[in-house]
Amino acid sequence: MIDDEAEAREAGAKGQEAGQYPVGRPCGAESITAAAGQTKAEVSRLMEAVIERSNVWSAYQKVVRNGGAPGVDGLTVGSFKDWLKRHWPCVRAALLDGSYLPSEVRAVDIPKPSGGVRTLGIPTVLDRLIQQALLQVLQPIVEPTFSASSYGFRPGRSAHQALRAAKHYVQEGRAWVVDMDLEKFFDRVNHDILMSRVARHVDDERVLKLIRRYLEAGLMRDGVETARDQGTPQGGPLSPLLSNILLTDWDCELGKRGHAFCRYADDCNIYVRSEAAGQRVMAAMKVFLDERLKLQVNEAKSACATPWKRKFLGYTLTNAGGHIRLKVAPHSVARLTDRVRELLRQGRGRSLTHTIETLNPVLRGWIGYFQLSESKTVWKDLDGWLRRRLRCLLWRQAKTRPRRTALLRKRGLPEARAWHSGHNGHGPWWNSGASHMNQAFPKAFFDRLKLVSMIETSRYLQRHS
DNA sequence: AGCCACCTTAC
RNA sequence: GUUGUAAGGUGGCU
């Protein structure tokens, strides 16, 4: 595409002559006139920065690397490069004069672990590219204005930092937390309020209009388009940044009141010293959010409680004699065990080394995120549970009594004992916890097969960070 | 230093 | 049919 300037220019001339705009709907009469009544010098050049060669090129690379989905017009990533080569000059021209109209976003329902469904609005490949370019330009502009207590979706900031801050606040004696979650946040964002906040940073009207058009782009479901008058499409590269721009108002309000808080996207924890204070803050924030941002609080997921009763970013806090510690939330452990069970189901027919090989990267990744957990028992329990699961698998794979006896024999158990255990008639789970299986397949056996030890790798990660 | 693949989590 | 931002991990290549 833009890596061949001459070709692009040529194609551009053709495209413009034809006056055709190939993606999205044709532009109507309401094309904006950004420069009306102004001299050229007064017009903001932000859009020029957006369509700058390097920005578009890196945006392209990112979109393609992510794999992406075909656009509503059938444009796949594979054919995207060729397509863009021909049509980019035309798109570029439309962006520059403010006449570009995004296509509808494709609706994709994904089931949530909690039971409901989350509806994604996935823009076409081209629109993802343009939004990505917008993001690259806008991010550095708005980023410095964000709160130090905002941790979500921001370069250089992580959930781990938010968790450390949360722990610190509680350790300082703020033993009550106001845990607030917004009701269907992305779907309920008010366009006018959001755009007014964006306008604080952006004065190029072409860019503002473009962002608004992205907000208003219809949702395409089964060939039927539904217009959008609120919410941002979940799945657009710009959406996370927009959410932070909007919720910065909330951060400022909390900051003005002198609160200690951590916000990660729409999940905000405010740490206070008493329950009464917490209730007060909760009530005040509900009013603030409703009046200023037109946002509702999700009552089911929000509460004022002690931190040990709430979970935040997959963790909970524990209080061991005044010593505050981070711990993996039980729910997060359950999610892992579900995943492992699923992997083991698939590994029934395969060799133990193979299932361990598929298990290891998953475990390593999980440990990486939960390495802040300061409770050793979680790791020990999981290690034990994991080995027992694998013993269970081995027992199951042996299938018949003679083969189970032979398996125990091969693993060094005396003949009589092997026979007895092999014929005991109990289920696989019972046997996986029995002493004969523990002796036949001790921890050292799994160590030799390079099964990751959760306690050791977590200790290792903790040391080297 | 850089690049690539795979994996995890948060929302 | 799995999008987005961000952080981290493991391995590989030059």
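In this text the structure is predicted, and so the values were computed from the model without any measurement.

Thresholds, definitions, all that
Residues numbered from 1 in each chain as written. Chains lettered and ligands numbered in written order. Predicted model: local features only at pLDDT ≥ 70, side-chain atom pairs only at ≥ 80, totals over all residues. Heavy atoms only, no water. Domains from an automatic or database assignment. Contact = heavy atoms within 4.5 Å. Buried area = accessible area lost by both parts, 1.4 Å probe. Salt bridge = Lys/Arg side-chain N within 4 Å of Asp/Glu carboxyl O. Polar contact = N/O pair within 3.5 Å; in protein donor to acceptor, adjacent residues only side chain to side chain. UniProt positions renumbered as here; feature names shortened; annotations may be inferred. Helix = DSSP H or I, 4+ residues; strand = E, 2+ residues; numbered from the N terminus. Pairing = 2+ DSSP bridges. Axes fitted to C-alpha atoms, helices over the stretch in contact; angles between N-to-C directions. 1 Å grid on protein atoms, 1.4 Å probe; cavity = no way out; pocket = protein on both sides within 12 Å on 5 of 7 lines; lining within 4 Å. Points joined across faces, edges and corners; volume = space filled by probe spheres on them. Near = heavy atom within 4 Å. Nonpolar A, V, L, I, M, F, W, Y, C, P; charged D, E, K, R; others polar. Expected span 1.5 Å × (residues − 1). Buried < 20%, exposed > 50% of the residue type's maximum accessible area, 1.4 Å probe, protein only. Disulfide = S-S within 2.5 Å.

**Remarks on the domain arrangement of chain A**
Move 1: When its domains are assigned, chain A resolves into domain 1 (46–305) and domain 2 (329–463).
Move 2: Distance from the C-alpha centre of domain 1 to the C-alpha centre of domain 2: 42 Å.
Move 3: On the domain 2 side, the residues contacting the five residues of domain 1 number five residues.
Move 4: The contact between domain 1 and domain 2 buries some 460 Å² in all, and 63% of this surface belongs to carbon and sulfur atoms.
Move 5: Area buried by domain 1 at its contact with domain 2 is led by Pro113, His160 and Lys167, which between them contribute 68% of it.
Move 6: At the surface where domain 1 touches domain 2, the tally comes to one salt bridge.
Move 7: Close ionic contact of Glu374 with Lys167 constitutes a salt bridge, the shortest N to O distance being 2.9 Å.
Move 8: Where domain 1 packs against domain 2, one counts two residue pairs in polar contact (both at pLDDT 80 or more).

**Focus: the UniProt feature "domain: Reverse transcriptase" (unreviewed entry) in chain A**
Move 1: Sequence positions flagged by UniProt for "domain: Reverse transcriptase" (unreviewed entry) are, in local numbering, residues 91–317.
Move 2: Along residues 91–317, the helical share is 43% and the strand share 19%, with 51 Å between the first and last C-alpha atoms.

**Describing the sheet that holds strand S5 (residues 224–226)**
Pairing between the strands of a sheet comes from backbone hydrogen bonds, and it takes one of two forms, parallel or antiparallel.
Move 1: What the four strands build is an open sheet, ordered S2-S1-S4-S5; its pairing is mixed. Edge positions in the sheet fall to strand S2 (117–122) and S5, since each has one partner strand and no second. In this sheet, neighbouring strand axes are inclined to one another by 40° on average, regardless of whether the strands run parallel or antiparallel.

**Structural notes on the layout of surface pockets**
Move 1: In this structure, the largest pocket spans a volume of roughly 1,500 Å³.
Move 2: In this structure, the largest pocket is lined by 35 residues; those nearest its centre are Lys112, Asp181, Asp266, Lys301 and Lys311.
Move 3: Looking at the lining of the largest pocket, the elements with two or more residues in it are S2, strand S3 (176–181), helix H7 (185–188), helix H12 (330–346) and helix H13 (352–369).
Move 4: Ranked by residue count, the leading element in the lining of the largest pocket is H12, at four residues.
Move 5: Residues from two domains meet in the lining of the largest pocket; each of domain 1 (46–305) and domain 2 (329–463) gives at least three.

**Brief notes about the sheet that holds S3**
Move 1: Spatially, the four strands line up as an open sheet ordered S6-S7-S3-S8, and their pairing is antiparallel. Every interior strand has two partners, whereas the edge strands, strand S6 (260–264) and strand S8 (303–305), have only one. Adjacent strand axes in the sheet meet at a mean angle of 15°, parallel and antiparallel pairs treated alike.
Move 2: By the bridge criterion, three bridges tie S3 to S8 in an arrangement that is antiparallel. Residue Asp179 lies in a different strand from S8, and its bridge partner there is Ala303.
Move 3: Contacts from helix H6 (residues 159–171) reach S6 and strand S7 (267–272) within the one sheet, and its direction differs from that of S6 by about 160°.
Move 4: Each of S3, S6 and S7 is contacted by helix H10 (residues 239–256), which is oriented at about 170° to S6, the strand it contacts most.

**Re the protein's contact with DNA strand B**
Move 1: In the vicinity of DNA strand B lie 14 residues, with Phe153, Tyr264, Asp266, Arg335 and Arg339 positioned nearest.
Move 2: The protein-proximal atoms of DNA strand B, defined as those within 4 Å of the protein, are 88% sugar or phosphate.
Move 3: The side chain of Tyr264 places a nitrogen or oxygen atom 2.8 Å from a base nitrogen of DNA strand B.
Move 4: One of the side-chain nitrogen or oxygen atoms of Arg335 is found 3.2 Å away from a phosphate oxygen of DNA strand B.
Move 5: Elements that contribute at least two residues to the surface near DNA strand B include exactly H12 and H13.
Move 6: Looking at the surface near DNA strand B element by element, the count peaks at five residues for H13.
Move 7: Here the surface near DNA strand B is built from residues that sort into seven nonpolar, two polar and five charged.

**Here we look at H6**
Move 1: Taking 1.5 Å of rise per residue, 13 residues should cover 18 Å, and H6 covers 18 Å from first to last C-alpha, within 8% of that figure.
Move 2: Listed as buried for H6 are Ala159, His160, Ala162, Leu163, Ala165, Ala166, Lys167, Tyr169 and Val170.
Move 3: As for H6, its buried residues are in contact with S6, S7, strand S9 (315–320), strand S10 (323–328) and H13.
Move 4: Just downstream of H6, Gly173 is the residue with a positive phi angle, here 110°.

**Considering empty space enclosed by the protein**
Move 1: Throughout the structure, instances matching the rule amount to four cavities of 30 Å³ or more.
Move 2: Of the pockets and cavities examined, the largest cavity occupies roughly 80 Å³.
Move 3: For the lining of the largest cavity, the class distribution of residues is nine nonpolar, two polar and two charged.
Move 4: By volume, the second largest cavity amounts to about 60 Å³.
Move 5: Here the residues of the lining of the second largest cavity sort into four nonpolar, one polar and four charged.

**Overview of the state of the cysteines**
Move 1: Tallied over the full model, the rule gives zero disulfides.
Move 2: Not part of a disulfide, Cys262 finds its nearest cysteine sulfur in Cys268, a span of 8.1 Å.
Move 3: In this structure Cys304 is not part of a disulfide, and its nearest cysteine sulfur, from Cys268, lies 13 Å away.
Move 4: A relative accessible area of 13% places Cys304 in the buried class.

**Brief notes about the protein's contact with RNA strand C**
Move 1: The immediate surroundings of RNA strand C are formed by 26 residues, with Gln132, Gly156, Arg157, Gly235 and Gly236 found nearest.
Move 2: Here, RNA strand C places atoms within 4 Å of the protein, and 79% of those atoms are sugar or phosphate.
Move 3: At 3.0 Å from a sugar or linking oxygen of RNA strand C is found a main-chain nitrogen or oxygen belonging to Phe153.
Move 4: One nitrogen or oxygen atom from the main chain of Arg157 is found 2.8 Å from a sugar or linking oxygen belonging to RNA strand C.
Move 5: The greatest single-element share of the surface near RNA strand C, amounting to four residues, is contributed by helix H5 (residues 125–142).
Move 6: When grouped by side-chain class, the residues that make up the surface near RNA strand C number ten nonpolar, eight polar and eight charged.

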